[in-house]
Amino acid sequence: MSAVETIHVDGVWRAAASGAQREVLDPADATTLALVAEGGAEDTDAAIAAARRAFDSGPWPHTPVAERAALLRRVADLLQRDREVIALLESRDTGKTLEEGRVDVDDVTNAFRYFADLAAGESPGRVVDAGSPDVHSVVVHEPVGVCAMITPWNYPLLQASWKVAPALVAGNTFVIKPSEVTPLSTIHMVQLLVEAGLPNGVANLVTGAGDPVGARLSEHPDVDLVSFTGGLVSGTKVAQAAAPSVKKVALELGGKNPNVVFADACATDEGFDTAVDQALNAAFIHSGQVCSAGARLIIEESVRERFVAELVRRAEKIKLGRGTEEGVECGPLVSAQQLAKTQAYVASALEEGAVLRTGGKQPEPSDVRPATGYFYLPTVLDQCHREMRVVREETFGPILSVESFSTEDEAVTLANDTEYGLAGAVWSSDTARARRVAARLRHGTVWINDFHPYLPQAEWGGFGKSGVGRELGPAGLDEYRETKHVYENLRPSPVRWFGG
């Protein structure tokens, strides 16, 4: 078998230096979907060296912002041209539905266009009043340098775009390592960057495992910034590896996100229907494999039983199957490892006293097609409490835990009782209450009477152990820039500080 060339270094596609390859599996049936190069430390070092040369000696950092923005817009157009191809890749690789894949491509397109417009519309510098007509003082932004990007398996293309678009328009070069489980759409994106005319060495890609590729990117002294999206344990290792070289670090490490529902939100039939529908969406879209998943339903006690009963009824009607098939609403988990992790969380919850209302197992082979995939039934666990692992830890599976409250203060206490702080939601027909509770929640994004929408122009990131830094919005661009103050004396004269 010929070597697989999915490593991109200095404008050249190549195989791993070792010749190693990895199978990428289709989670719907556990068959081989593709082969990719299994890069190692040697490949990573070569990619970093290429990015370093391109930044230090190449044209990209000095290319006018308008031209860099124009390239991003060309990439956006190419993404739309290849929308169906990329959506299919994303669906087959991650297990999500084809429609979710299409939405992802559109969101990626919007991210490229947003950062192009943001950078192109900025002034060249902020003039600072120095208090003297003889001084010209300006604050400018410059690219950080060589950026290492390590992306997750649940939204591989989307999370890559949140890093690649601002990094490029700011004038940086980069090396990206997609998850070894879902690398295919990132490979395609790099192909589009090349097609759009990006100079050699600016965009480099190494397919391979977190150890050694991610570890090497994090520790390498020629890397100026590392941006990581993934789990808390791996993110901690990235920060530790980056510390000796004091490089910039941006971490998005997930969340354990509360969905707080007050009884008044359910006072009408329409309100009740909407809150239940959104609770299903919050917990079970993409089989719960979402960093902002509303995996903790915190419901007012007076409507708890009615709400949970209807939630269970609807959850049992969710159609599982291969994401590319018509009518499928929820695909498989991404891997056998993720399936085993989900099973372990449910088992521990039941041991700790949770009440299983529905799910809690794989579907019967006759109830899902293909029967060999990593499927797990949408699961609702009632009567949960803070001491349970399933409530404390990010499960990243189709598991919804249910807690209840009686007062507003209790609701806020429960919602904030987490080491994470990525996102949360408040449901109430009382606008004053909803905004009051939202103001008290220690989470980076708070939805009122909604769940999951985000805007490329609004910052995304979390409090606490959900990470460091922000993606999207103006702050998402600033992550990839250094700030410089240039002070120019227009009429220099001796200071005469020293008498000699």
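Under an unreviewed UniProt entry, the protein has the name Aldehyde dehydrogenase family protein and belongs to Streptomyces botrytidirepellens. UniProt, in its Pathway (unreviewed entry) section for the protein, records the words "Amine and polyamine biosynthesis; betaine biosynthesis via choline pathway; betaine from betaine aldehyde: step 1/1." Among the UniProt annotations of the protein, the heading Sequence similarities (unreviewed entry) holds the following wording: "Belongs to the aldehyde dehydrogenase family."

J.: I'd love a proper account of helix H11 (residues 336-351), names of residues and values included.
T.: Between its first and last C-alpha, H11 extends 23 Å over 16 residues, near the 22 Å set by a 1.5 Å rise per residue. Downstream of H11 by a residue or two, Gly-353 has a phi angle that is positive, lying close to 110 degrees.

J.: Would you mind going over the sheet that holds strand E20 (residues 481-489) in detail, with residue names and values included?
T.: The pairing of strands in a sheet comes from backbone hydrogen bonds and takes either a parallel or an antiparallel form. Read across the sheet, three strands follow the order E5-E6-E20 without closing on themselves; strand pairing throughout is antiparallel. The open sheet terminates on both sides in strands that have one partner only, identified here as strand E5 (126-128) and E20. Across this sheet, the average inter-strand angle for adjacent strands is 25 degrees, counted without regard to direction.

J.: Quick one: what's the story with the environment of Val-213, residue by residue and with numbers?
T.: Locating Val-213 in the fold gives a position in helix H7 (residues 210-219). Separated by 127 residues in sequence, Val-213 and Ile-86 place their C-alpha atoms 25 Å apart. Not counting chain neighbours up to four residues away, the residues in contact with Val-213 comprise Gly-39, Gly-40, Thr-44, Lys-177, Val-206 and Gly-208.

J.: Explain the packing of helix H2 (residues 65-81) against helix H6 (residues 184-195) to me, using residue names and the numbers behind them.
T.: Angle between the axes and distance between the axes: these two values describe a pair of packed helices. Taken N-terminus to C-terminus, the directions of H2 and H6 make an angle of 130 degrees; their axes are 9 Å apart at the nearest point. Relative to H6, the element H2 is oriented oblique. Our pair here, H2 against H6, has a crossing hand that is right-handed. Counting all contacts with H2, which are made through Val-75, Leu-78, Leu-79 and Arg-81, the residues of H6 involved are Leu-192, Leu-193 and Glu-195. Tallied by class, the residues present in the contact of H2 with H6 amount to five nonpolar, no polar and two charged.

J.: Before we move on, can you summarise the pattern of salt bridges with the specific residues and values?
T.: Using the criterion set out here, one finds 43 salt bridges in the structure. Taking the shortest distance from any N to any O, the salt bridge between Asp-10 and Arg-53 comes out at 3.4 Å. With Asp-10 in the loop between strand E1 (7-9) and strand E2 (12-14) and Arg-53 in helix H1 (residues 41-57), this residue pair connects regions lying 43 residues apart in the sequence. For Arg-53, a relative accessible area of 48% puts it in the partly exposed group. Note that Arg-304 and Glu-301 form a salt bridge whose closest N and O atoms lie 3.7 Å from each other.

J.: Quick rundown of helix H13 (residues 408-416)? Include the residues and the values.
T.: Among all positions in H13, only Glu-408, Ala-411, Val-412, Leu-414 and Ala-415 are buried. Taken end-on, H13 shows its buried residues confined to a sector of 165 degrees, consistent with a single buried face. Elements that come into contact with the buried residues of H13 comprise strand E12 (258-261), strand E13 (296-300), strand E16 (399-405) and helix H14 (431-440).

J.: Could you give an account of the sheet that holds E13, naming the residues involved and the relevant values?
T.: On the basis of which strands lie adjacent, the open sheet formed by seven strands has the order E14-E15-E16-E13-E12-E17-E18 and mixed pairing. Both edges of this open sheet fall to strand E14 (355-358) and strand E18 (445-448), since each of them pairs with a single strand only. The average angle at which neighbouring strand axes cross in this sheet is 25 degrees, direction not considered. The strands touched by helix H10 (residues 304-315) are E12, E13, E14, strand E15 (379-382) and E16; relative to E14, the strand with the most contacts, the crossing angle is about 50 degrees.

J.: Give me unusual backbone geometry: which residues, what numbers.
T.: Geometrically, the link from Asp-211 to Pro-212 is a cis peptide bond, its omega value of 25 degrees lying close to zero. Structurally, Pro-212 can be placed in helix H7. We note that His-286 has phi near 55 degrees; this positive angle belongs to a residue other than glycine. Position of His-286 among the secondary structure elements: in the loop between helix H9 (269-284) and E13.

J.: So what's going on with the environment of Ala-76? Residues and values would help.
T.: For Ala-76, the location among the structural elements is in helix H2. Contact partners of Ala-76, with chain neighbours within four places excluded, come to Thr-109, Phe-112 and Arg-113.

J.: How would you explain the UniProt feature "active site" (unreviewed entry) in the protein if you had to name every residue and give the values?
T.: The UniProt record annotates "active site" (unreviewed entry) at Glu-252. Within the element layout of this structure, Glu-252 appears in strand E11 (residues 248-252). Classification of Glu-252 by relative accessible area gives buried; the value is 5%. Leaving out residues up to four positions away in the same chain, Glu-252 has contacts with Phe-228, Thr-229, Gly-230, Cys-291, Leu-422, Trp-460, Ser-466 and Glu-471.

J.: Mind laying out the domain arrangement of the protein, listing which residues take part and the relevant values?
T.: When the domains of the protein are assigned, the result is domain 1 (7-253 + 466-486) and domain 2 (258-448). For domain 1 versus domain 2, the separation of C-alpha centres amounts to 31 Å. Each side of the interface is counted separately: domain 1 has 26 residues, and domain 2 has 27 residues. Among the residues of domain 1 in contact with domain 2, Ala-28, Trp-153 and Ser-466 are the three that bury the most area, contributing 27% of the side total. Between the two partners, domain 1 and domain 2, sit two salt bridges. Between Arg-322 and Asp-29 there is a salt bridge whose closest N-O contact spans 2.9 Å.

What counts and what doesn't
Residues numbered from 1 in each chain as written. Predicted model: local features only at pLDDT ≥ 70, side-chain atom pairs only at ≥ 80, totals over all residues. Heavy atoms only, no water. UniProt positions renumbered as here; feature names shortened; annotations may be inferred. Helix = DSSP H or I, 4+ residues; strand = E, 2+ residues; numbered from the N terminus. Expected span 1.5 Å × (residues − 1). Pairing = 2+ DSSP bridges. Axes fitted to C-alpha atoms, helices over the stretch in contact; angles between N-to-C directions. Contact = heavy atoms within 4.5 Å. Parallel < 35°, antiparallel > 145°, perpendicular 65-115°, else oblique. Left-handed = near helix turned anticlockwise from the far one by under 90°. Nonpolar A, V, L, I, M, F, W, Y, C, P; charged D, E, K, R; others polar. Salt bridge = Lys/Arg side-chain N within 4 Å of Asp/Glu carboxyl O. Buried < 20%, exposed > 50% of the residue type's maximum accessible area, 1.4 Å probe, protein only. Arc of directions from axis to C-beta. Domains from an automatic or database assignment. Buried area = accessible area lost by both parts, 1.4 Å probe.

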